[in-house]
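Each chain, letter by letter, is given below.
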Amino acid sequence: MTLFDLALKNIRRNMKSYSLYIGSMVFSILIYFTFVTLKYSDDMFAEAGGSKLISTLMNLSSVMLVIFVAIFIAYSNSFFMKKRKKEIGLYSLLGVRKKQIGFLLFFENMVIGLFSLIVGILLGFLASKGILAILIQLMGLTIVSSFTLSGEAIRQTLLIFMIIFFLTSLQGYFVIYKFKLIDLFNAEKKGEALPKAKAIAAIFGVVMIGTGYFLASADLFTSNAWKMLGISTPLVIVLLVIAGTYLLFHSVTVFVLTKLKNNEQFAWRGLNLMTVSQMLYRIRGNAKTLTLIAILSATTITAGGAVFGLYYNIGKDVGKSAPNTFMWQGNSVNMQSDGILYNENIGVKNSDLTIYSNTYNYAFITLSQYNKIASLQGKELLELLGNNSYVIDAFYDERFSQDYTGGKMEVGKQIFTIQDFTTEAMFNTPTVFVVAVVTDEAYAAIEGEELTYQIVKMEDEKNQLAVSEKIRKEIGDTDTFSSYPEMYQLMVQSFGALLFAGSFLGLVFLMAMGSVIYFKMITEAEEDRSKYEVLFKMGVSEKEMKKTIRAQVGLIFGIPLVLGILHSVFALKLFSTLLSMNIVTPVLMWIAVYSAIYGVYYVLTVSYFNKVIRQNL
């Protein structure tokens, strides 16, 4: 039997252990191949107006994916090597030379990699039409996706992943040279360095995370801490949370579990003592891994929740800045389209004015025109007397803007008192920025040329691109034209592409993280099998053993997930405050989907853990 034959036999024998690992790699290759294929999609670029958005986004996503997959494969290989060190030691004991053992491991890794690569590309080709259809739907495009195989995408995918698999296979080749024979046989008995939990470290962990949360919750425009730390504040928050998370797994959870273990009333109930003792070892020995998973979970949930929040609120955001379907200054257009709710012309005077010693350029309109448009838009009518005025400023923010109410506006020789103001736009802000409403008599006295603007409101406005293009042709090239459907389509394309890339990258990260925990727990299940055999002989029922297994695996899966969600909640709070956007609903939806997929890995791990334990019972 050749080394290659032996490598194939070992792969078949360990296929169950490798299944999730191979599945994660196949999915990663599938997504990478799809991203690269999209980059060479001429139909997509033509429909998206020749924009480089998709190409740039897919390139960045591909680079991130390659880096992450390379780390994941290298990390996973270390688990498999630890699990197989006894087997490697046996080969050496039987007289197989180190070079041959190294080649055996090299062949195994390369075969697994090549198999994953071929399956990933084939599935990527078959799934590309469906995945492309998802992107087209998210971006609001109307093209029919073509089902073509890109030769350039195949070459690029083969080259990148062959390099990754070759380098990680070398990792297996050199493992035999790193350890003595006695170390290989005792590998399963050796755990990671287990530092003892100290109260001071536990306190520091809680304080660091608490400080990071405090900074993330503070208003970045008014907080003294943000002013003191400046642009380095986000970096400080990230470093505090990462360090605090590590100390939490390293010391805080160990401190809590130790207290539970020493609590006789709790410890001597059922198998609680064994469960807590096992968890002490698991948490301490896996502190770095659990920290990494918690941080990656937080990053994935935060990035995905933020992008989904932006995509979810596109209609509202566009509506805030473009309450009218169309608005422009200049040539009047005779609108003949169906579904017009109103079509009005308004007169506007632009003039410089002084408020609180600052000079601004405002657009002035009459009270009668305001009330006419307000009535059409279903808003309350306004009453003004004398030289009182009313300001419409959609970009007003109380954190760094001066309160308008009671302020004085100097316009030429006239002085207006601001009666009140609103942040709800009545006119499209790209066309008319800040508006001041004054009485008809005061308006007539304002010096300056009156400009005519046309505003149109239509039903189903996000689907009125054809009307928008017709208006553009009639009015010619002008910077004053603002179109709700064009703004909506641009944002849908941008955020849709981001959501597409972020969702699939997040799914790859999630599968890799779930696989890492699965590998560790299954490896530890095989190490603990003898302990459960003793318990079974002592009369402990399978039901009790399953309960303690669910608890152990649940804590290993649950703590990083809960901590990751908690981290992301504060990060997303900062994001929503920065953009003054309510993203609670999309974030909860994102977290629910993420947790559900993560839960599948928990169920699979518990099932296989039970299967390993019951083998000799």
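What counts and how
- Along each chain, numbering runs from 1 in the same order as the chain's sequence is written.
- Owing to the predicted nature of the model, reporting of local features is limited to residues with pLDDT of at least 70; listing and counting of side-chain atom pairs is limited to 80 or more, with chain, interface and lining totals taken over all residues.
- The basis for every side-chain value is the complete set of heavy atoms in the structure, and neither hydrogens nor water enter the calculation.
- To qualify as a helix, a DSSP run of H or I must reach at least 4 residues; to qualify as a strand, a run of E must reach at least 2; elements of each kind are numbered from the N terminus.
- Burial here depends on accessible area, computed with a 1.4 Å probe over protein chains only, as a share of the maximum for the residue type. Under 20% is buried, over 50% is exposed, and the range in between is partly exposed.
- Here the accessible surface of atoms and residues is derived via Shrake-Rupley with a 1.4 Å probe, and residues count as covered only by protein chains that are part of the display.
- Fitted lines through C-alpha atoms serve as axes, helices being fitted only where they are in contact, and the angles separating the N-to-C directions of these axes extend from 0 to 180 degrees.
- An angle counts as roughly parallel when it lies under 35 degrees, as roughly antiparallel when it exceeds 145, as roughly perpendicular when it falls between 65 and 115, and as oblique in every other case.
- Helix crossings are classified by the rotation of the near helix relative to the far one: an anticlockwise turn of less than a right angle makes the crossing left-handed, while a clockwise turn makes it right-handed.
- Residue contacts are defined here by distance: any two heavy atoms, one from each residue, within 4.5 Å place the two residues in contact.
- Any residue outside Ala, Val, Leu, Ile, Met, Phe, Trp, Tyr, Cys, Pro, Asp, Glu, Lys and Arg is labelled polar, Gly included; the first ten of those are nonpolar and the last four are charged.
- Two N or O atoms form a polar contact when they lie within 3.5 Å of each other; inside protein one atom must be a possible hydrogen donor and the other a possible acceptor, and for residues adjacent in sequence the pair counts only when both atoms belong to side chains.
- When two rings of Phe, Tyr or Trp (its six-membered ring) have centres within 6.5 Å they constitute a pair, described as stacked for plane angles under 30 degrees, edge-to-face for angles over 60, and tilted for the intermediate range.
- The term salt bridge refers to a pairing of a side-chain nitrogen on Lys or Arg with a carboxyl oxygen on Asp or Glu at a separation within 4 Å.
- Residues form patches when they are more than 30% accessible in relative terms and have no salt bridge. Like charges link within 9 Å. Nonpolar side chains (Val, Leu, Ile, Met, Phe, Trp, Tyr) link within 5 Å.
- For this analysis, a nonpolar core means a set of buried residues of the types Ala, Val, Leu, Ile, Met, Phe, Trp, Tyr and Cys, connected via side-chain atoms within 4.5 Å.
- By definition, two strands form a pair when at least two bridges between them are found by DSSP.
- Scored from 0 to 100, pLDDT reflects the predictor's confidence in each residue.
- Charged-residue counts in this description rest on Lys and Arg as positive and Asp and Glu as negative, His and the chain ends being excluded.
- To locate a charge, take atom NZ for lysine, CZ for arginine, CG for aspartate or CD for glutamate.

Caption draft 1: Region of interest: the overall build of the protein chain. The number of helices and strands found in the protein chain is 21 helices and nine strands. Each of the 617 residues in the protein chain was classed as buried or not, and the buried ones make up 50%. A total accessible area of about 29,600 Å² is found for the protein chain, and carbon and sulfur atoms account for 62% of it.

Caption draft 2: Quick look at the packing of helix H14 (residues 287-312) against helix H21 (residues 584-613). Interhelical geometry of H14 versus H21 gives an angle of 140° and a closest axis separation of 8 Å. By the criterion of interaxial angle, the relationship of H14 to H21 is oblique. In terms of crossing hand, the pair formed by H14 and H21 is right-handed. For the pair formed by H14 and H21, the contact residues are Ile293, Ser297, Thr300, Ile301, Gly304, Gly305, Phe308, Gly309 and Tyr312 on the first element and Thr585, Pro586, Val587, Met589, Trp590, Ile591, Tyr594 and Tyr598 on the second. Partitioned by chemical class, the residues of the contact of H14 with H21 number 11 nonpolar, six polar and no charged.

Caption draft 3: Spatial organisation of the side chain of Asn324. Along the chain, Asn324 falls in the loop between helix H15 (314-321) and strand E1 (326-329). Its relative accessible area of 0% is what places Asn324 among the buried residues. Side-chain polar atoms of Asn324 contact the side chain of Gln377, separated by 3.1 Å. Other than its neighbours up to four places away in sequence, Asn324 contacts Tyr342, Gln377, Met426, Phe427, Asn428, Ile455, Val456, Lys457, Glu461 and Tyr484.

Caption draft 4: Spotlight on the packing of aromatic side chains. Taken as a whole, this structure holds 21 aromatic pairs when the rule is applied. With 5.9 Å between their ring centres and 55° between their planes, Phe35 and Phe500 make a pair best called tilted. With a gap of 465 residues between them, Phe35 in helix H2 (residues 15-39) and Phe500 in helix H19 (residues 484-537) connect regions that are remote in the sequence. For the residue pair Phe35 and Phe500, the accessibility class agrees, reading buried in each case. Look at Phe557 and Tyr598: their rings are 5.5 Å apart centre to centre, the planes differ by 75°, and that puts the pair in the edge-to-face class. Placement of Phe557 in helix H20 (residues 542-579) and of Tyr598 in helix H21 is noted, with a sequence separation of 41 residues between them.

Caption draft 5: Highlighting the pattern of salt bridges. Counted by the stated rule, this structure contains four salt bridges. Across the pair Arg155 and Glu152 runs a salt bridge whose closest N-O atoms are separated by 3.0 Å. In this pair, Arg155 and Glu152 are both assigned in helix H6 (residues 151-173), three residues apart and thus about one turn of the helix distant. Given the relative accessible area of 52%, Arg155 is considered exposed.

Caption draft 6: Up close: a nonpolar patch on the surface. Taken together, Leu159, Ile163, Phe166 and Leu167 make up a surface patch of nonpolar side chains, about 390 Å² in accessible area. Inspection of the secondary structure assignment puts Leu159 in helix H6.

Caption draft 7: Spotlight on the nonpolar core. Among the nonpolar cores identified, the biggest contains 112 residues, and Tyr21 and Phe500 are the most heavily contacted of them. For this core, the leading source of residues is H19, giving 25 residues. Ignoring anything within four residues of it in the chain, the contact list for Phe500 reads Phe35, Leu38, Met58, Ile131, Ile134, Leu135 and Leu138. In this structure, Tyr342, Ile346, Ala374 and Val432 belong to the second largest nonpolar core, which totals 21 residues.

Caption draft 8: Spatial organisation of unusual backbone geometry. One non-glycine residue, Asp460, lies in positive phi territory at about 50°. Locating Asp460 in the fold gives a position in the loop between strand E8 (450-458) and helix H18 (465-475).

Caption draft 9: Just the pairing of strand E2 (residues 340-355), in detail. Here E2 pairs with E8 via nine bridges, running antiparallel. Within E8, the residue paired with Ile340 across the bridge is Met458. Here E2 pairs with strand E3 (residues 358-366) via seven bridges, running antiparallel. Paired with Asn350 across the two strands is Ala363, which belongs to E3. Pairing geometry for E2 and strand E5 (residues 408-411), over two bridges, is antiparallel. Across the sheet, the residue bridging to Thr354 is Glu410, located in E5.

Caption draft 10: The arrangement of the packing of helix H9 (residues 199-217) against H20 in detail. Packing of H9 against H20 leaves a shortest axis separation of 8 Å and a crossing angle of 30°. Relative to H20, H9 is oriented roughly parallel. Here H9 contributes Ile209, Tyr213, Ala216 and Ser217 to the contact with H20, which in turn contributes Leu563, Leu566, His567, Phe570, Lys573 and Leu574. Of the residues contributing to the contact of H9 with H20, the split by class is seven nonpolar, two polar and one charged.

Caption draft 11: Spotlight on the confidence of the model for the protein chain. Taken residue by residue, the protein chain gives an average pLDDT of 81. The fraction at 70 or more is 83%. Of the regions scoring below 50 in pLDDT, residues 191-195 engages in nine contacts with residues more than four places distant in sequence or in other chains.

Caption draft 12: Region of the structure containing a positive patch on the surface. A grouping of Lys16, Lys543, Lys546, Lys547, Arg550, Lys611 and Arg614 is seen on the molecular surface, where their side chains present a positively charged patch. The greatest single-element share of the positive patch, amounting to four residues, is contributed by H20. For Lys16, the position within the fold is in helix H2.

Caption draft 13: Seen up close, the side chain of Ser515. Looking at the element boundaries, Ser515 is found in helix H19. Polar contacts involving the side chain of Ser515 include one to the side chain of Ser24, which spans 2.6 Å. Non-local contacts of Ser515, meaning those with residues more than four positions away in its chain, are made with Leu20, Ser24, Phe72 and Tyr601.

Caption draft 14: Structural context of helix H16 (residues 367-376). Turning to H16, its buried residues are Leu367, Gln369, Tyr370, Asn371, Ile373 and Ala374. Elements in contact with the buried residues of H16: E2, E3, strand E4 (388-392), strand E7 (435-438), helix H17 (440-445) and E8. At the exit of H16 stands Gly378, carrying a positive phi of roughly 75°.

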